[in-house]
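Listed below are the residues making up each chain.
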Amino acid sequence: MWRYLLKRVLLAIPVLLGVSIVVFAMVRFIPGDPAQIMAGQAATQEVVEQIRESLGLDQPILVQYAYFLRNALTGDLGRSLFSGVPVSEELGQRFPRTVRLALASIFVAALIGIPAGILSATRHLSWVDSIVMILALAGVSIPVFWLGLNLILVFSVRLHWMPAFGYETWRHLVLPSITLGTASAAIIARMTRSAMLEVLRQDYVRTARAKGLAERVVVNHHALRNALIPVVTVVGLQLGALLSGAVLTETVFSWPGIGKLLVDSVLARDYPIIQGAVLLIAATFVFLNVVVDATYAMLDPRIRYE
């Protein structure tokens, strides 16, 4: 398995290289000139050109990318065009906050989604199954920003139970994690239900029931472990999506993570921050995929990697 994991890590290199090329090119197609923004609307063209030259933005785009790639390979992602703070330092401060929010959200999603999926599968075609599936459909359909604003309106403005903004205490984490984890909970519930229904129809489960085992033992000890393999895949992918998809949630709740930093940097045309943040998100997504692959073998020893 170690050889397989090493191969996956090596394959991640061209993926990250491709991401860096795409991001580097795309940020330069964003309307607006960072030199003009830094100089202000009243600045003369000469001042704007001086700022552009000092930032290296007057160089051909291939030359700019070559400098960026050379520095990135040494761990230097540049400095923010506006604050002057190193990008690595800025990301180092923001990323743990996004990870904290994503982990709390995936915990909420798994805590709700897996039991709901099991309950729906074991009560297949009953009213319980119908209610769970309706709620799951609603969960994936509700826009994140709409849900976040309504949670703020009810639990912060009307009831004063939870703070609407900030990140200092665990109470600041409740509403953002519910907002971000709702869609993932719905997806996990649907996947768990589907996997459980397939496993519950297998011969070995039928044999276990014929031996007179209690339904709880059949579900927990014979069906659930095999059904968890596709669920683990979904949970891993959802965690990666939560890390990259927290942009709206962090903006609604003013959560100072990577997502809000990315939005602010796009508005300010802060190229180094955008490039560094997207590369960090891509690297995290690749890492989580490798972790998910390794988890397969732990859940099912029959799985071997060549």
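As a starting point, this report considers the structure included with it. In this text, all values refer to a predicted model and were calculated from it rather than measured experimentally.

Observations concerning the pattern of salt bridges
- Applying the stated criterion across every chain, the model contains five salt bridges.
- Where Asp129 meets Arg193, a salt bridge forms, and the shortest distance between an N and an O atom there is 2.8 Å. Note that Asp129 is positioned in helix α6 (residues 127-141) and Arg193 in helix α8 (residues 171-200), a separation of 64 residues in sequence.
- By relative accessible area, Asp129 is classed as buried at 4%.
- Relative accessible area serves as the criterion here: at 17%, Arg193 is assigned to the buried category.
- As a salt-bridge pair, Lys260 and Asp264 come within 3.3 Å of each other at their nearest N and O atoms. Here Lys260 and its partner Asp264 are both found in helix α12 (residues 258-268), four residues apart, which amounts to about one turn of the helix.
- By relative accessible area, which is 35% here, Asp264 ends up partly exposed.

A short note on the packing of aromatic side chains
- Taken as a whole, this structure holds four aromatic pairs when the rule is applied.
- Taking 5.3 Å as the distance between ring centres and 75 degrees as the angle between the ring planes, the aromatic pair formed by Phe24 and Tyr65 counts as edge-to-face. Here Tyr65 lies in helix α4 (residues 61-73) and Phe24 lies in helix α1 (residues 2-27), a separation of 41 residues in the sequence. Here Phe24 matches Tyr65 in class, with each residue buried.
- On the numbers, 6.2 Å between centres and 45 degrees between planes, the contact of Tyr65 with Phe68 is tilted. With a gap of three residues between them, Tyr65 and Phe68 both fall in helix α4, about one helical turn apart. Taken individually, Tyr65 and Phe68 each receive the classification buried, so the pair is uniform in this respect.
- Counting every residue linked through ring pairs, the aromatic cluster contains Phe24, Tyr65 and Phe68.

Observations regarding the packing of α1 against α4
- Two elements in contact, α1 and α4, have axes whose closest approach is 11 Å; the angle formed by their N-to-C orientations is 135 degrees. In terms of axis orientation, α1 runs oblique to α4. The way α1 lies across α4 gives a crossing that is right-handed. Residues Leu17, Ser20, Ile21, Phe24 and Ala25 of α1 lie in contact with α4, whose contacting residues are Ile61, Gln64, Tyr65, Phe68 and Leu69.
- The residue makeup of the contact of α1 with α4, split by class, is eight nonpolar, two polar and no charged.

Points about unusual backbone geometry
- Positive phi outside glycine occurs at Leu125, with the angle close to 65 degrees.
- Position of Leu125 among the secondary structure elements: in the loop between α5 (87-122) and α6.
- With a relative accessible area of 73%, Leu125 lands in the exposed category.

Thoughts on the nonpolar core
- Phe68, Leu91 and Ile258 are the most contacted members of the largest nonpolar core, which totals 19 residues.
- If one sorts the elements of this core by residue count, helix α13 (residues 271-299) sits on top with six residues.
- In contact with Ile258, other than residues within four places in its own chain, are Leu91, Arg94, Phe95, Thr98, Glu250, Ala277, Leu280 and Ile281.

A closer look at the side chain of Thr179
- Structurally, the position occupied by Thr179 is in helix α8.
- Of the polar contacts made by the side chain of Thr179, one reaches the backbone oxygen of Leu175; its length is 2.8 Å.

Calculation notes
Residues numbered from 1 in each chain as written. Predicted model: local features only at pLDDT ≥ 70, side-chain atom pairs only at ≥ 80, totals over all residues. Heavy atoms only, no water. Salt bridge = Lys/Arg side-chain N within 4 Å of Asp/Glu carboxyl O. Helix = DSSP H or I, 4+ residues; strand = E, 2+ residues; numbered from the N terminus. Buried < 20%, exposed > 50% of the residue type's maximum accessible area, 1.4 Å probe, protein only. Phe/Tyr/Trp six-rings, centres within 6.5 Å; stacked < 30°, edge-to-face > 60°. Axes fitted to C-alpha atoms, helices over the stretch in contact; angles between N-to-C directions. Parallel < 35°, antiparallel > 145°, perpendicular 65-115°, else oblique. Left-handed = near helix turned anticlockwise from the far one by under 90°. Contact = heavy atoms within 4.5 Å. Nonpolar A, V, L, I, M, F, W, Y, C, P; charged D, E, K, R; others polar. Core = buried A, V, L, I, M, F, W, Y, C linked by side-chain atoms within 4.5 Å. Polar contact = N/O pair within 3.5 Å; in protein donor to acceptor, adjacent residues only side chain to side chain.

That's the geometry; what it means functionally is another story.
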